[in-house]
Structure formats: structure tokens, C-alpha cells
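The residues making up each chain are set out below.
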Amino acid sequence: MAVDITNLKYSIKAFLSSGDVLDLTGLCTSMTWGEEKNSIAQKADVTLANIKIEKGFISDLIELCSQVILYVNEKEVFKGIVWDWSYTSALQKEVSFTAYDKMIYLTQSKGNTYYSSGKSTQFLVEDICKEWGIAVCYEWESWTHGKTPLKNMEISQQLTTVLDEAQTKLDSKYVMLMEKDTLVIRKKGSNADVYYFHGKNVESTKDHLTLQGLVTKVLVYGKSEEDQRPPLLESVDGNLEYGTLQEIVTKDSNKTLDDARKEAQNILKEKGKPEESISISTIDVPMIRKGDKIKLVAGNLSGYFIVEGVNHDGMTKTMEMELERV
């Protein structure tokens, strides 16, 4: 699909506790939003000129918990609340804030819960969110879980614990994000519109490979008796062309040999190839979210990739993406 950035119109509004709505677009000196690779809450960073309007100074009107919405061509691309607020009194007086979507509450709150065996992934996710009043749109596969204790964890960690366990069992990867106050769980790369980046619309690319953290062999040991060496039960080889980089799995009384073998295989699946970090700078496509699939032909990169993190810049109409090969 083609995007003409000259036709993109960015705007931002604040919804105040008084009920008033402020259009802040003309006051913006910077406006970025997106999703970081290792974060589940979408965030926006905004800086405004602190001028005085009829209702008062902007710094007095924008408060913690004020709701802000970013639009592109009048379509909502971000909704969140002001979480961090800062005012700078200098020659150029500015007020800046960071806003997050509703998932920030689940990252800042802890809970204790326990589920008996036989519950599906979808049931667990929906039940965890139900207590917090979070609507869920579940579009991914499910796994039937065993006993699932989720003790003294952030609520967001409870969700990722359940989803990550399912992901290790299913031949599918998930993405979790908020869309208009609804938590959406879907398969990575399932977006209908796949954008193609190439040539002049790509400003720069960066591709980095490292053997740091690589595992090419896993030894499965049994439980040791006192000070004796534990028995070696099995050796699971991965790709040894990079040499032997070894990890250990211990089979205890709560784990069968088959469980330990699967754990070893999962380690090789996750860590059995060199870690690659890919990032690109390109024109902005405001609709792109974490988990989307794109097509890229630029530099040494060619093929389909999954967006692992994205940061949109509403002032320069550019964006930065972290990518993973499909």
C-alpha cells in the first residue's frame, strides 16, 4: 500500500477534568508515540509551548490523569492518560508530558491468583482482565494449561506468563496491545494491510548480529545425591557450526524426562541462533503497530519482517522501527 505523507494531518486533543476539550495541535513542539519492544503499554511523549489562553496557562490545565488522544486525518491512533508531567521555566517556557494507554495500570499493580488445571489460554487472559475492567478481544489460538499459580506478580506479568507458556506449546507467536480501550491478543503478522518499504522512502537501516547468549547444546541432568555429580540423562544438540555453547537443564522430581527434553528444545528454539537486531528509519505510516508484518527491500535487508517496536514522530512525519525476520 502507498502512503502520501503530504496528506497526513496530525492533531492532539486533551480532555480535562472540567469537561473541556483543548486542541493542542498548534502548541506542539514535539509529538511522538509508539510501542517499545519490551513494553506492553503504548506511550506518547509530547512537548507544548506554555502559553496563556482564556482558561489559563497550559501548564495549569494539563494535569496528571488528563486524557489525551492523538489523531491522524481525524482517526484515533493513540489514547492515554498523562502519567508523567514536567514544566520548564526558561526563556522558552514549555510543558511536557508522557502519556500511556490503560495497560500502564496493569504494569504498576500486583496480584495473587491461582488457577486449577484444564483452563484455556483465552479463559485465563479474560479472567485476569475481568477484575480490572479491561475488555478483551481474543483472536489468537489457545492452549490447555496445567495448574497455574500467579503469585505476587504484576498483572501484566500474569498475562505474559500465561501467553508465553502457550507460545512455547503452539507453533504461533502472539502480540498484545490496546486498541480503543480494548486489549487485543492476536497472532503476529496477521495484519491485512502489509506495507512495503524500499528505495527513497527508507532513510537508513541497521543490522547487527552477535553470538552473545547463543546456546548450541543443552545437557539434561538428573537430581544429584548429596555431593555426588548428577547423572547425565541426555544431550540435546542444536546448530554446532558456531561451536559448543552449553546450557544445563535439571530434571527434578516434579519434572519428567520428556518435560526436561522439551525444555531443552525450547532453549535451543529461543537461543539456538545468533541474535539479530534490525532497525530502520523511514517515512511515517501512522497505522503501523507492534506485531504487524511489513515488506522491506533496503540495504542488505530483503523480505518480510515483524515490527517488534515502533516510534512515530508527528512533527517530522517519520518513524523508527525495530524488526524481526519472519
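Cut-off values and rules
Residues numbered from 1 in each chain as written. Predicted model: local features only at pLDDT ≥ 70, side-chain atom pairs only at ≥ 80, totals over all residues. Heavy atoms only, no water. 1 Å grid on protein atoms, 1.4 Å probe; cavity = no way out; pocket = protein on both sides within 12 Å on 5 of 7 lines; lining within 4 Å. Points joined across faces, edges and corners; volume = space filled by probe spheres on them. Helix = DSSP H or I, 4+ residues; strand = E, 2+ residues; numbered from the N terminus. Nonpolar A, V, L, I, M, F, W, Y, C, P; charged D, E, K, R; others polar. Contact = heavy atoms within 4.5 Å. Polar contact = N/O pair within 3.5 Å; in protein donor to acceptor, adjacent residues only side chain to side chain. Buried < 20%, exposed > 50% of the residue type's maximum accessible area, 1.4 Å probe, protein only. Lys, Arg positive; Asp, Glu negative; His and termini not counted. Salt bridge = Lys/Arg side-chain N within 4 Å of Asp/Glu carboxyl O. Patch = residues over 30% accessible without salt bridge, like charges linked within 9 Å, V, L, I, M, F, W, Y side chains within 5 Å. Areas by Shrake-Rupley, 256 points an atom, 1.4 Å probe, with all protein chains shown as cover. Pairing = 2+ DSSP bridges. Axes fitted to C-alpha atoms, helices over the stretch in contact; angles between N-to-C directions.

(A) Quick look at the layout of surface pockets. Taken as a whole, the largest pocket encloses approximately 1800 Å³ of empty space. The set of elements that each furnish at least two residues to the lining of the largest pocket consists of helix 4 (155-169), strand 15 (174-179), helix 5 (257-271), strand 22 (275-283), strand 24 (301-313) and strand 25 (318-325). When residues of the lining of the largest pocket are assigned to their parent elements, the largest contribution, six residues, is made by helix 4. Here the residues of the lining of the largest pocket are counted per class, giving twelve nonpolar, 13 polar and 20 charged. Here the second largest pocket is characterised by a volume of approximately 730 Å³. The wall of the second largest pocket is formed by 37 residues, among which Lys75, Glu76, Glu179, Met287 and Arg289 lie closest to the centre. Secondary-structure elements contributing two or more residues to the lining of the second largest pocket are strand 8 (75-88), strand 15, strand 16 (182-187) and strand 23 (293-298). Its residues assigned to classes, the lining of the second largest pocket shows 15 nonpolar, seven polar and 15 charged.

(B) Geometry of the environment of Lys188. By the secondary structure assignment, Lys188 is in the loop between strand 16 and strand 17 (196-198). Put simply, Lys188 and Lys173 are 15 residues apart on the chain and 5.7 Å apart in space, counted from C-alpha to C-alpha. Beyond its immediate chain neighbours, meaning those up to four positions away, Lys188 contacts Lys173, Tyr174, Val175, Gly291, Ile306, Glu308 and Glu324. Here the side chain of Lys188 touches Glu308 through a polar contact of 2.9 Å, side chain to side chain.

(C) A look at the side chain of Asp101. Relative to the assigned elements, Asp101 resides in the loop between strand 9 (94-100) and helix 2 (103-107). Buried charged residue Asp101 carries no salt bridge. Nearest counter-charge: Arg289, at 5.1 Å. Ignoring anything within four residues of it in the chain, the contact list for Asp101 reads Ala41, Gln42, Phe78, Lys79, Gly80 and Met178.

(D) Main features of a nonpolar patch on the surface. On the surface, a cluster of nonpolar side chains totalling about 300 Å² of accessible area is made up of Leu64, Trp85 and Tyr87. Its location among the elements puts Tyr87 in strand 8.

(E) How the structure looks around the environment of Glu74. Tracing the backbone through its elements, the reader meets Glu74 in the loop between strand 7 (67-72) and strand 8. A relative accessible area of 75% means that Glu74 is categorised as exposed. In sequence terms Glu74 and Glu270 are 196 residues apart; their C-alpha atoms lie 41 Å from each other.

(F) How the structure looks around the sheet that holds strand 15. Ordered by their spatial adjacency, three strands build an open sheet running 12-16-15, and the pairing between neighbours is mixed. Each of the sheet's edge strands pairs with one partner strand only, and the pair in question is strand 12 (135-138) and strand 15. Averaged over all adjacent pairs, the angle separating strand axes in this sheet is 20 degrees, with direction ignored. Where strand 12 and strand 16 come together, four bridges link them in parallel fashion. Directly across from Tyr138, in strand 16, lies its bridge partner Ile185. Here helix 3 (residues 121-130) sits on the sheet in contact with strand 12 and strand 16, set at roughly 165 degrees to strand 12. Contacts from helix 4 reach strand 12, strand 15 and strand 16, with the element oriented near 145 degrees to strand 15.

(G) Region of the structure containing the pattern of salt bridges. One pass over the structure, following the stated rule, counts 14 salt bridges. The partner of Lys173 in a salt bridge is Glu324, and the shortest N-O contact between them spans 3.8 Å. Of this pair, Lys173 sits in the loop between helix 4 and strand 15 while Glu324 sits in strand 25, and the two are 151 residues apart along the sequence. On the basis of relative accessible area, Lys173 is assigned to the partly exposed category, the value being 39%. Glu324 gets classed as partly exposed once you look at its relative accessible area, which sits at 26%. For Glu308, the salt bridge goes to Lys188, with nearest N and O atoms at 2.9 Å. Note that Glu308 is positioned in strand 24 and Lys188 in the loop between strand 16 and strand 17, a separation of 120 residues in sequence. Judged by its relative accessible area of 11%, Glu308 is buried.

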